[in-house]
Structures are given as structure tokens and as C-alpha cells.
Amino acid sequence: MGIEIERKFLVTDERWRESVLKSVRMAQGYINDMAALREARQNASVRVRIAGDAAFLNIKSREPGHTRQEFDYPIPVADAEALLALCVGGRIQKVRHYVEHAGHTWEVDQFADDNAGLVVAELELAAADEAFERPAWLGREVTDETRWYNLALAERPYSRWNAQEKT
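As the structure is a computational prediction, the values presented were derived from the model and not from experiment.

Draft legend 1. Quick peek at the pairing of strand S5 (residues 67-75). In this structure, strand S1 (residues 2-11) lies alongside S5, joined through four bridges in antiparallel fashion. Bridge pairing in S5 links Glu 4 to Arg 68. Note: strand S4 (residues 54-61) against S5, six bridges, orientation antiparallel. Counterpart to Ile 59 in the pairing with S5 is Phe 71.

Structure follows, in C-alpha cells:
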């Protein structure tokens with residue numbers, strides 16, 4: 001069983017671009033929706049992702065906090081394309097930029113289509129109490145705010161948020 005310890009933050013400016021190691025275009029969708037999790041009919045999200053020329057089926061528990069169970073399995077791209085057609089809600093389109101800062105690799109997601117304009121940074125940690133240096137371009141932490149989850153963005157994209165919700 002895999003455990004993911006992840007922190008998520010808003011990004012305040014584009015200085016992160018100076019330290020990009022690589023970038024990967026991604027398309028992803030969900031077999032279930034936020035309502036299933038909100039109503040406790042399911043306790044995990046089921047995601048299909050195509051990342052560059054690879055594809056994955058991912059199951060992630062929805063527990064409070066920044067530590068979750070995560071199961072990630074490579075699958076054939078053709079299977080992922082077929083599964084994406086079965087997904088509920090919208091499809092998430094983004095470019096993930098891998099950004100080095102102070103010994104950690106940040107994943108900066110630049111969203112497209114219905115979520116265009118949204119840029120978030122995620123950091124996976126080895127331990128919940130692991131120390132890390134905050135880059136100057138890092139904004140407010142949104143780890144515990146479900147509306148920033150990709151699953152929530154598939155259901156209600158950033159383009160539908162009002163100005164107050166975006167701040």
C-alpha cells in the first residue's frame with residue numbers, strides 16, 4: 001500500500017519558471033465524482049491519467065489532512081483513452097512542471113481549458129513533519145480545502161468560480 005503525504009499551495013507569480021527541470025502535458029478524468037465522496041458513498045477517488053506517453057489508473061483515499069492512501073498503476077494508453085470516455089464530470093487538462101527548490105522537487109500544475117488561469121504547486125514529502133523551504137513564489141496553502149482538488153475542479157471548473165472564490 002502506498003502512502004502519499006502532499007501539501008498544496010497557490011502560486012503567486014511566475015518566478016518558478018526559472019527552475020523548471022521538465023514539463024509534462026496531462027489529461028485526466030475521474031470514474032467517480034465529488035458528490036460520491038461528500039455523501040460518503042465512496043471513500044476514494046478513482047482517476048485515469050495520461051501523462052506524456054504514459055498512462056495510469058490511480059486510487060486515492062479521501063481522509064482529512066495531507067496524508068492519504070494512494071495506489072497508482074501503469075496501464076496501456078489505449079485503455080486510459082477508453083476509460084477517459086467513461087469518466088464523469090469534466091476532463092482536467094494541465095501541464096505539470098517539475099521545479100527544483102532547496103532540495104525538493106515541486107510539481108507546479110498550470111491548468112488549461114475550463115480551469116485556465118489556475119496554477120497550483122504541490123510538494124510530496126517523506127514524512128508529515130518534514131521541513132521544507134518555501135519558495136518566494138509560493139502563496140497560501142490550500143491542502144485542506146477540497147475545492148482545489150482536481151476531482152472538485154473536474155466537477156466545478158475554476159472558470160465558474162466568482163472573484164471571491166478565486167482569492
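Draft legend 2. Spatial organisation of the nonpolar core. One finds Phe 111, Leu 118, Trp 148, Leu 153 and Tyr 158 to be the most contacted residues of the largest nonpolar core, which totals 17 residues. Elements represented by at least two residues in this core include exactly helix H1 (34-38) and helix H3 (150-155). Ranked by the residues each element gives to this core, the list is headed by H3, at four residues. Aside from chain neighbours lying at most four places away, what touches Tyr 158 is Asp 114, Asn 115, Ala 116, Gly 117, Leu 118, Trp 148, Leu 153 and Lys 166.

Draft legend 3. Highlighting the pairing of strand S2 (residues 20-30). In this sheet, strand S6 (residues 88-101) lies alongside S2 in antiparallel orientation, the contact comprising nine bridges. The residue of S6 that forms the bridge with Ser 23 is His 97. Sheet topology places S2 next to strand S3 (residues 44-51); five bridges connect them, and they run antiparallel. In the sheet register, Gly 29 faces S3, and the bridge partner there is Val 48.

Draft legend 4. Highlighting the packing of aromatic side chains. Under the defined criterion, the tally for this structure stands at seven aromatic pairs. Measuring from centroid to centroid gives 5.8 Å for Trp 106 and Phe 132, while their planes differ by 70°, and the two rings are edge-to-face. A residue pair is termed long-range when its members are at least 10 positions apart, and Trp 106 in strand S7 (residues 104-111) and Phe 132 in the loop between strand S8 (119-124) and strand S9 (138-141) qualify at 26 residues. Each member of the pair, Trp 106 together with Phe 132, is buried. For the pair Trp 106 and Trp 137, a centre-to-centre distance of 5.9 Å together with 75° between the ring planes defines the contact as edge-to-face. Of this pair, Trp 106 sits in strand S7 while Trp 137 sits in the loop between S8 and S9, and the two are 31 residues apart along the sequence. The buried category is assigned to Trp 106, whose relative accessible area is 0%. Note that Arg 62 overlies the ring of Tyr 149, its terminal NZ or CZ placed 4.4 Å from the centroid. Lying over the aromatic face of Tyr 158, Lys 166 brings its terminal NZ or CZ to 4.6 Å of the ring centre.

The rules we used
- Residues numbered from 1 in each chain as written.
- Predicted model: local features only at pLDDT ≥ 70, side-chain atom pairs only at ≥ 80, totals over all residues.
- Heavy atoms only, no water.
- Pairing = 2+ DSSP bridges.
- Helix = DSSP H or I, 4+ residues; strand = E, 2+ residues; numbered from the N terminus.
- Core = buried A, V, L, I, M, F, W, Y, C linked by side-chain atoms within 4.5 Å.
- Buried < 20%, exposed > 50% of the residue type's maximum accessible area, 1.4 Å probe, protein only.
- Contact = heavy atoms within 4.5 Å.
- Phe/Tyr/Trp six-rings, centres within 6.5 Å; stacked < 30°, edge-to-face > 60°.
- Lys NZ or Arg CZ within 6 Å of the ring centre and 35° of its normal.

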